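Analysis of the macromolecular model
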Amino acid sequence: MLSHLPILQVILPLLGAPACLILGRGKLAWLFALLVSALSFCVAAILLTTVYNHGVISYALGGWQAPWGIEYRIDLLNAWLLVIVSASSTISLLAAQSSISTEISLEKQGLFYVAWLLCLAGLLGILATGDAFNVFVFLEISSLSTYTLISLGPNRKSLWAAFRYLIMGTIGATFILIGIGLMYIMTGTLNMQDLAQRLPSAGESSTVFAAYAFILVGISLKLALFPLHLWLPNAYSQAPSIVTSFLAASATKVALYLLIRFTYTIFPSEFSQFVVPLADIFVALGVLAVFSASIVAIYQEEIKRAIAYSSIAQIGYMVIGLGIGGVLGLQATLIHVFNHALMKATLFMALAAIAARIGATTLTSMQGLGRKMPWTSFGFVVGGLSLIGVPLTAGFISKWYLVSAAALTGRWPLVFLILLGSLIAIVYIWRVVEALYFKPAADNSPVKEAPIAMLLALWLLVLGNVYFGIDTRLPVSISSEAATALVEGRP
Amino acid sequence: MNTTSLIDVAILTPLIAIVGVLAFSRKPNMREAVSLIAGVILLLVNLKLYSSFNQGEALSRHWLEILPGLNLSFRVDALGLLFGLVASLLWPVTTLYAIGYMRGHNEDHQTRFYVCFAIAIAAVMAIAYAENLFTLFVFYEVLSLCTYPLVTHTGTEKAKQGGRVYLGILMGTSIAFFLPAIIVTWLVAGSLDFQQGGIFPEQTPIALLSLLLVLFVFGVAKAAVMPFHRWLPAAMVAPTPVSALLHAVAVVKAGVFSLIKILVFIFGLDTLQEIPATDYLLYLAGAGVVLASLVALRQDNLKARLAYSTISQLGYITLGALLAVESGVMGSAMHIATHALGKITLFFCAGAILVASHKSEISSMTGLGRSMPITMAAFFIASLSIIGLPPTAGTWSKWWLLTATLETDHLILMAVLILSSLLNIAYLLPIPLRAFFPGKQADAQATAIHEAPPAALIAICATASACVLLFFFPNPLFELVSQIFTEGTP
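Residues numbered from 1 in each chain as written. Chains lettered and ligands numbered in written order. Predicted model: local features only at pLDDT ≥ 70, side-chain atom pairs only at ≥ 80, totals over all residues.

Considerations on the overall build of chain A
When helices and strands are counted, chain A shows 20 helices and two strands. A globule of 491 residues ought to have a C-alpha radius of gyration of about 23 Å, and chain A, at 21 Å, matches this closely. Along the three orthogonal principal directions, the C-alpha set of chain A runs to about 70 × 55 × 40 Å. Residues counted as buried form 62% of the 491 residues belonging to chain A. In chain A, of all internal contacts separated by at least 6 residues, the share reaching a separation of at least 24 is 80%. (Helix = DSSP H or I, 4+ residues; strand = E, 2+ residues; numbered from the N terminus. Rg over C-alpha atoms; globule rule 2.2 N^0.38 Å. Buried ≥ 20, exposed ≤ 12 C-beta atoms within 10 Å, placed from the backbone. Contact = placed C-beta atoms within 7 Å.)

Structural notes on the overall build of chain B
When its secondary structure is counted, chain B shows 19 helices and two strands. Taken against the 2.2 N^0.38 rule, which gives 23 Å for 490 residues, the C-alpha radius of gyration of chain B at 21 Å falls within 12% of a compact globule. Overall size of chain B, expressed as C-alpha extent along the three principal axes, is 70 × 55 × 45 Å. Put simply, of all contacts in chain B between residues at least 6 apart along the chain, 80% involve residues at least 24 apart.

Focus on the UniProt feature "domain: NADH:quinone oxidoreductase/Mrp antiporter transmembrane" (unreviewed entry) in chain B
Mapped onto the present numbering, the UniProt feature "domain: NADH:quinone oxidoreductase/Mrp antiporter transmembrane" (unreviewed entry) falls on residues 130–422 of chain B. Taken end to end, residues 130–422 of chain B is 75% helix and 0% strand, and its first and last C-alpha atoms sit 37 Å apart. (UniProt positions renumbered as here; feature names shortened; annotations may be inferred.)

Looking at the interface of chain B and chain A
Interface size is often expressed as the accessible area that is lost when the parts come together. Contacts between the two partners involve 19 residues from chain B and, on the opposite side, 21 residues from chain A. Counting residues per element, the ones that place at least two in the side of chain B that touches chain A are strand S1 (60–67), helix H5 (133–151) and helix H6 (157–189) of chain B. The class makeup of the residues in the side of chain B that touches chain A is 14 nonpolar, three polar and two charged. (Nonpolar A, V, L, I, M, F, W, Y, C, P; charged D, E, K, R; others polar.)

A few points about the domain arrangement of chain A
Residues and elements named next belong to chain A. Along its sequence, chain A is organised into domain 1 (1–276) and domain 2 (288–491). Relative to domain 2, the C-alpha centre of domain 1 lies at a distance of 22 Å. With 40 residues of domain 1 at the interface, the matching set in domain 2 holds 42 residues. Elements that contribute at least two residues to the side of domain 1 that touches domain 2 include exactly helix H3 (76–103), helix H7 (192–202), helix H9 (231–238) and helix H10 (241–266). Considering each element in turn, the side of domain 1 that touches domain 2 owes the most residues, 13 residues, to H3. Considering only residue class, the side of domain 1 that touches domain 2 consists of 25 nonpolar, 13 polar and two charged. (Domains from an automatic or database assignment.)

Some details on unusual backbone geometry
The omega torsion of the bond from Phe226 of chain A to Pro227 of chain A falls at 0 degrees, within 30 degrees of zero and hence cis. In this fold, Pro227 of chain A is placed in the loop between helix H8 (206–223) and H9. Pro227 of chain B follows Met226 of chain B through a cis peptide bond whose omega is 10 degrees. Structurally, Pro227 of chain B can be placed in the loop between helix H7 (206–219) and helix H8 (231–234). Of note, the phi angle at Leu392 of chain A is positive, near 75 degrees, even though the residue is not glycine. With respect to the helices, strands and loops of the structure, Leu392 of chain A is situated in the loop between helix H16 (374–388) and helix H17 (394–408). Residue classification places Leu392 of chain A among the partly exposed positions, given that 19 C-beta atoms sit within 10 Å. The residue Ala224 of chain B is not glycine, and still its phi comes out positive at about 55 degrees.

Some points on the environment of Leu461 of chain A
Residues and elements named next belong to chain A. Looking at the element boundaries, Leu461 is found in helix H19 (residues 452–470). The buried category is assigned to Leu461, around which 30 C-beta atoms lie within 10 Å. For the pair Leu461 and Leu363, spaced 98 residues apart in the sequence, the C-alpha separation amounts to 23 Å. Excluding residues that lie within four positions of it along the chain, Leu461 makes contacts with Ile91, Leu342, Ala345, Thr346 and Met349.

Re the packing of helix H13 (residues 326–357) of chain B against helix H18 (residues 454–472) of chain B
All names here are of chain B. Contact pair H13 / H18: the axes reach a minimum separation of 9 Å and the direction vectors enclose 150 degrees. Between H13 and H18, the angle falls in the class roughly antiparallel. In the crossing of H13 with H18, the sense of the turn from one axis to the other is left-handed. Only Ala456, Ala459, Ile460, Thr463, Ala464, Ala466, Cys467 and Leu470 of H18 make contact with H13, whose side of the interface consists of Thr338, Leu341, Gly342, Ile344, Thr345, Phe348, Cys349 and Ala352. (Axes fitted to C-alpha atoms, helices over the stretch in contact; angles between N-to-C directions. Parallel < 35°, antiparallel > 145°, perpendicular 65-115°, else oblique. Left-handed = near helix turned anticlockwise from the far one by under 90°.)

Remarks on the environment of Ser293 of chain B
All names here are of chain B. Among the secondary structure elements, Ser293 is positioned in helix H11 (residues 277–298). Each C-alpha atom, one on Ser293 and one on Arg31, is 40 Å from the other, the two residues being 262 residues apart in sequence. Excluding anything up to four places from it in sequence, Ser293 contacts Ser312, Ser420, Leu423, Asn424 and Tyr427.

Digging into the nonpolar core
In globular proteins that are soluble, nonpolar side chains generally tend to be buried together. If you look at the biggest cluster of nonpolar residues, it comprises 401 residues, and the most contacted ones within it are Trp80, Leu117 and Met349 of chain A together with Leu82, Val86, Val124 and Ile127 of chain B. The element that contributes the greatest number of residues to this core is helix H14 (residues 326–358) of chain A, accounting for 21 residues. Among the domains, domain 1 (1–276) and domain 2 (288–491) of chain A are the pair contributing at least three residues each to this core. Setting aside anything within four residues of it in sequence, one finds Ile127 of chain B in contact with Leu136, Phe139, Tyr140, Leu143, Ala254, Phe257 and Ser258 of chain B. (Core = buried A, V, L, I, M, F, W, Y, C linked by C-beta atoms within 7 Å.)

Some thoughts on H3 of chain A
All names here are of chain A. The end-to-end C-alpha distance of H3, which contains 28 residues, comes to 38 Å, matching closely the 40 Å that a straight helix rising 1.5 Å per residue would cover. The largest bend in H3 amounts to roughly 50 degrees and is located at Ala96. Counting buried positions along H3 yields 26 of 28 residues, so the element is predominantly enclosed. (Expected span 1.5 Å × (residues − 1). Bend = angle between axes of the 7 residues up to and from the residue.)

A word on the confidence of the model for chain B
Averaged over chain B, the pLDDT score is 85; the fraction of residues at 70 or greater is 96%. Two numbers describe this predicted complex: its pTM, 0.89, and its ipTM, 0.85. (pLDDT = per-residue confidence, 0-100.)

Structural notes on the pairing of strand S2 (residues 70–75) of chain B
Residues and elements named next belong to chain B. Here six bridges tie S1 to S2, and the two strands are oriented antiparallel to one another. Within the sheet, the bridge partner assigned to Ser60 lies in S2 and is Arg75. Between S1 and S2, which pair antiparallel in sequence order, lie two residues; one of them, Gly69, sits at a positive phi of approximately 90 degrees. (Pairing = 2+ DSSP bridges.)

Quick word on the packing of helix H14 (residues 373–387) of chain B against H18 of chain B
All names here are of chain B. Where H14 contacts H18, the axes come no closer than 9 Å and their chain directions differ by 30 degrees. In terms of orientation, H14 and H18 fall into the roughly parallel class. Note that H14 runs across H18; the crossing there is left-handed. On H18, the residues that touch Ile374, Thr375, Ala378, Ile381, Ala382 and Ser385 of H14 are Leu457, Ile460, Cys461, Ala464, Cys467 and Val468. Residue classes in the contact of H14 with H18 are distributed as 10 nonpolar, two polar and no charged.

Some points on the environment of Val165 of chain B
All names here are of chain B. Inspection of the secondary structure puts Val165 in helix H6. The class of Val165 is partly exposed, set by 17 C-beta atoms lying within 10 Å. On a C-alpha basis, the gap between Val165 and Pro233 in space is 9.6 Å, while along the polypeptide they are 68 residues apart. The contact partners of Val165, leaving out residues within four places of it in the chain, are Arg230, Trp231 and Ala234.

This is the structure we're talking about:
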């Protein structure tokens, strides 16, 4: 049983989805989806501890040995992301029923959970598999279900947002497929480990370069790396609120995982060091992402949109870490992946709670909510502080590692740019804080505090932000070992 | 009870008081009683720490390790005790004063006020006893955040603006300058523990040290070194007890305290003397002292004048520490205590005048001495202490600072200090003098004004008499500051 965990991780939500369809709509489907997601989380947690204690797990699907059969390969990197994705899905699902009851009509609610579980299965599949083509398959599963989830948003604009994402996402996925195809032409294999061994001997052919370029651009599209980020603000702000909370914490992280996997495990290290000046490109794009997105975020009236822009900026930080490279840079990225999932889930969860009560998340509609919804508002403030990087919150740890990595490699201007970026975060977070606490409410209609399930989920995340800002052993030790393994294991 | 756990008690007492304050939020008398009792307990705890310290006990406490090698831990030393004692002595006094002021002024949200106040004091205790720079930084940020609701207490547009400047400058500088300086120090020195003689290895390039010094001096904006001083006048929109305890004592003194700690125990005085940037910063601080005094002269709003006076006096402390000689640091440390007593009295008086007569402009206070004699007398005594005239406590610290400038041959800075003292006379003394001797333009309506509420008056008298007492009995203070350097390395 335990040896089958890698496939169980993916099969659980994949089979849970049709079962959810049978269960129909409403509470039963919700409870079932929650159960499936929680089980996935348990599996991921067991996988992580196993990998941490006993090393890499390789699982041959259907008993067909790699490189002919499909291999599922769990190392610390993807075990860590499996935990992040399944945890964020579980916490978001906890609040989902209360959130969608106001946003999605009853007959569609069953389908909502089906799409959710499919999306989860896709994301977990991308992470777990050790096969390049499998990545594409699961990428399509997760993407298609994500388009569905977004199009279920409360108003008609969500259809347009989903359509735009569909176009961009499909281009991205196609690029990845082209890249994988080109690699297959050159090496005759799709297994990642096998590819890593064969690609160097395939030599400096332009086909391999092209494959690398296609894959990089394709992933960057899914990652919403500046300047390929234009789909993200619409998709995040028009999707049902709770979906945003889930996607912000998981989808871009999975794309980032692919970026790390392809640059560190599959392609020879000369590629990212000599053929393309990837380090400089990543740092430059990351800095541009941080500044352009943060500045745009300041001027947004719709707060969900502002926080979505902030996500683009935060992706910038993660990519900067990759660009700095080395164990410390990679570790900074991996820590920020986790911490960013925490803080963004918190912020979007608080916004979902506000949307559930007043039906909007514009700055003016949120005025004076500090008194009417004290717990939700304070949760938002803590999430915001974590985003800024105040000590004793998770965000501070990210900043510490990122700045250390930049300083140790002698990139002094970068140190200040990173910190300057978090100063801009103060501005766009503080606009909301002032609206919540200092502006009089637009109307005096009574507003109740958020539903209990949402509060529970929100405060789990809030406490997570504080807890992982104080007790950092888990993310620090795992990210450090994962980064070391990746850097030292480079082909 | 184990004396080391007293450090925990010192930090946790204000936090525990919050529970009581919240529990009695609907019974103001009980709520204020809780604050007062907690204040007295905190003072006793600090006194006990003081006596244990004098008996030579090593008091340190390890809380937890946040990142490998970065600990939240605490240790009692002479400088920390000085700061801790001053803050814990003035907290109950301010609470007493606040009872009179907040009720006399009918302020809203009094529970939130007392809660944030208590968190601020807890943060101050943690800063005072921080064993390393990391711990200090963590609670430095906590202090910025928990005082923000106090600055914006009234919730008006002006308060919001003030809060923006306040948080913008304090958080901005701490993230943009202070944090990178700490991280680089950590990478260079491999440690952030405060140590006698500094922690930098000998071969550290002098240019890097200069850069770090500049980053630290500007990064600790709570010390209000010009040009990052704007937050202090902006914070004056807060209720007067907040201005009194936090913006004359706790927050600003946390700033200069951090600076002294960094200069003495991270750089070390010997290293500091070799860094060329020290001289420039010295003159910058000196310029700040005079400029702030000049600006203070032009302020008609009493609280604004006091705020600029605070900036000027903080400049003395920064300057004294940057002189990088023992007498300078000792003078600075003493000035933390003496200025705290003097300035808190002045703010108390300003608040008392506001409550009793609703006057905040200096020009309208002529002749007020007749109706508010006690307040104005206290104002006079405290002014003397700020100026540095006997028989008040301020004499001693200014004496040491002047000695230090002579010792290091900085005659220009000595002139700066003297000039600034003259300016102090010019902007402080006219206020009580014209209140008592209004001349011909005596105010007819003055008879309608009565003295401040009794609770506030008791507080004013207590701090004013402390100013005088410390002149006649300065020995405990001397002994404490002279141990800053003699105390063995941990």
